[in-house]
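Chains, contacts and geometry: an overview
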Amino acid sequence: MNTPQELDCFECGKGSLIPKLVDITGYRHGEEFTVIVNGLQCPACGLKTIDNEYSGEFTKLVSDAYREKHGLLTGAQIREARTRMGMSQEKFAQYLRVGPASVNRWENGKIQDEAMNELIVLKTDLLTAINNYQFVKQSAPVGSEIAAFGFCDGAIGVFAPFAEAQFRKPPSVFAAEAFSTMEVYAPLC
Ligand SMILES: [Zn+2]
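All values reported here derive from a predicted model rather than from experimental measurement. Here, residues in each chain are numbered from 1, in the same order as that chain's written sequence. In keeping with the model being predicted, local features are shown solely for residues with a pLDDT of at least 70 and side-chain atom pairs are shown and tallied solely at 80 or more, while totals for entire chains, interfaces and linings include all residues.

1. Concerning the environment of D64
Counting from the N terminus, the helices are the DSSP runs of H or I reaching at least four residues and the strands are the DSSP runs of E reaching at least two. Summarising the element assignment, D64 is placed in helix α1 (residues 55-69). Residue class for D64 comes out buried when judged on the 21 C-beta atoms lying within 10 Å of it. C-beta atoms are placed from the backbone for every residue, and two residues are taken to be in contact when these atoms lie within 7 Å. When neighbours within four sequence positions are excluded, D64 is seen to be in contact with T74 and G75. Here a residue counts as buried when 20 or more other C-beta atoms sit within 10 Å of its C-beta, as exposed when there are 12 or fewer, and as partly exposed otherwise, the C-beta atoms being derived from the backbone.

What follows is the structure, given as structure tokens:
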């Protein structure tokens, strides 16, 4: 039978580390974020450290604090958008045209860049996709080819071949990849 093993404090050597919630500071892209996580604390010297079992959780919490500050989707929000569309991580990666491991990494704390964040929103949020479609439509030269289309596998697309030539420097609403094809997607069904 396993019994929890008491760890002597590696800082002072006088106390035994006690499991409790602790506030620990982590760093992302040079910014610091203090989060509350399951950890260990020494009653003698006050040392706070993360319980190894929760180091993955700590990574996620710090990344999500960064994402919230910078208006990016959190790992849980990415997972929510993916499952709302009924996709596995692998299928979602194909849908976004990224490597198969990327989605898993984002959901577990690797921070997506801003362009990728915009692409995820465009491809998973219907209102954003519709707004984008309206924007493309308004920007279209008279008589140019533009069409919106829906797929029952959960997507709406905008086909606008004029746009690639017109928007060499795309407005920020277009993520880099969405811009190159001018297709945007969001769940319909
Ligand atoms: Zn100590």
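2. Focus: the sheet that holds strand β3 (residues 48-50)
In short, DSSP must find at least two bridges between two strands for them to pair. The strand order β1-β2-β3 describes an open sheet built from three strands, whose pairing is antiparallel. In this open sheet, the two edge strands, each paired with only one partner strand, are β1 (18-28) and β3. This sheet shows a mean twist of 55° between the axes of neighbouring strands, independent of strand direction. Looking at chain direction, strand β2 (residues 31-41) and β3 are connected through three bridges and run antiparallel. Looking at the pairing, Q41 lines up with K48 of β3. Where α1 meets the sheet, it contacts β1, β2 and β3, and its direction lies at approximately 155° from that of β2. Note on method: axes are straight lines fitted to C-alpha atoms, helices fitted across the in-contact stretch only, with angles between N-to-C directions ranging 0 to 180 degrees.

3. Quick notes on the nonpolar core
Remark: nonpolar core denotes a set of buried Ala, Val, Leu, Ile, Met, Phe, Trp, Tyr and Cys residues whose joining runs through C-beta atoms within 7 Å. Judged by nonpolar contacts, the single largest core of 19 residues is most densely connected at L73, I78, F92, L96, L119, I120 and L122. For this core, the elements supplying multiple residues, two or more each, are α1, α3 (89-96), α4 (102-107), α5 (114-124) and α6 (126-139). Top element by residues in this core is α5. It accounts for four residues. Reported domain spans reflect what an automatic or database domain assignment gives. The residue makeup of this core includes at least three contributed by each of domain 1 (18-69) and domain 2 (75-120). Not counting chain neighbours up to four residues away, the residues in contact with F92 comprise R82, M87 and V103.

4. So, unusual backbone geometry
In this structure, H29 is a non-glycine residue whose phi angle is positive, near 45°. Structurally, H29 is set in the loop between β1 and β2. Residue H29 is classed as exposed on the basis of its C-beta count, with 7 C-beta atoms lying within 10 Å.

5. Overview of the environment of G56
As for its position among the elements, G56 is in helix α1. Separated by 53 residues in sequence, G56 and G109 place their C-alpha atoms 8.2 Å apart.

6. Topic: α1
Note that an α-helix has 3.6 residues per turn; residues three or four places apart therefore point the same way. Expected span, for any helix, means 1.5 Å times one less than how many residues it has. In this model α1 runs 21 Å from its N-terminal to its C-terminal C-alpha over 15 residues, within 8% of the 21 Å that 1.5 Å per residue would give. Of all the residues in α1, the buried ones are K60, L61, V62, S63, D64, Y66 and R67. Packed against the buried residues of α1 are β1, β2 and α2 (75-84). Count one or two residues on from α1 and you reach G71, which has phi positive near 70°.

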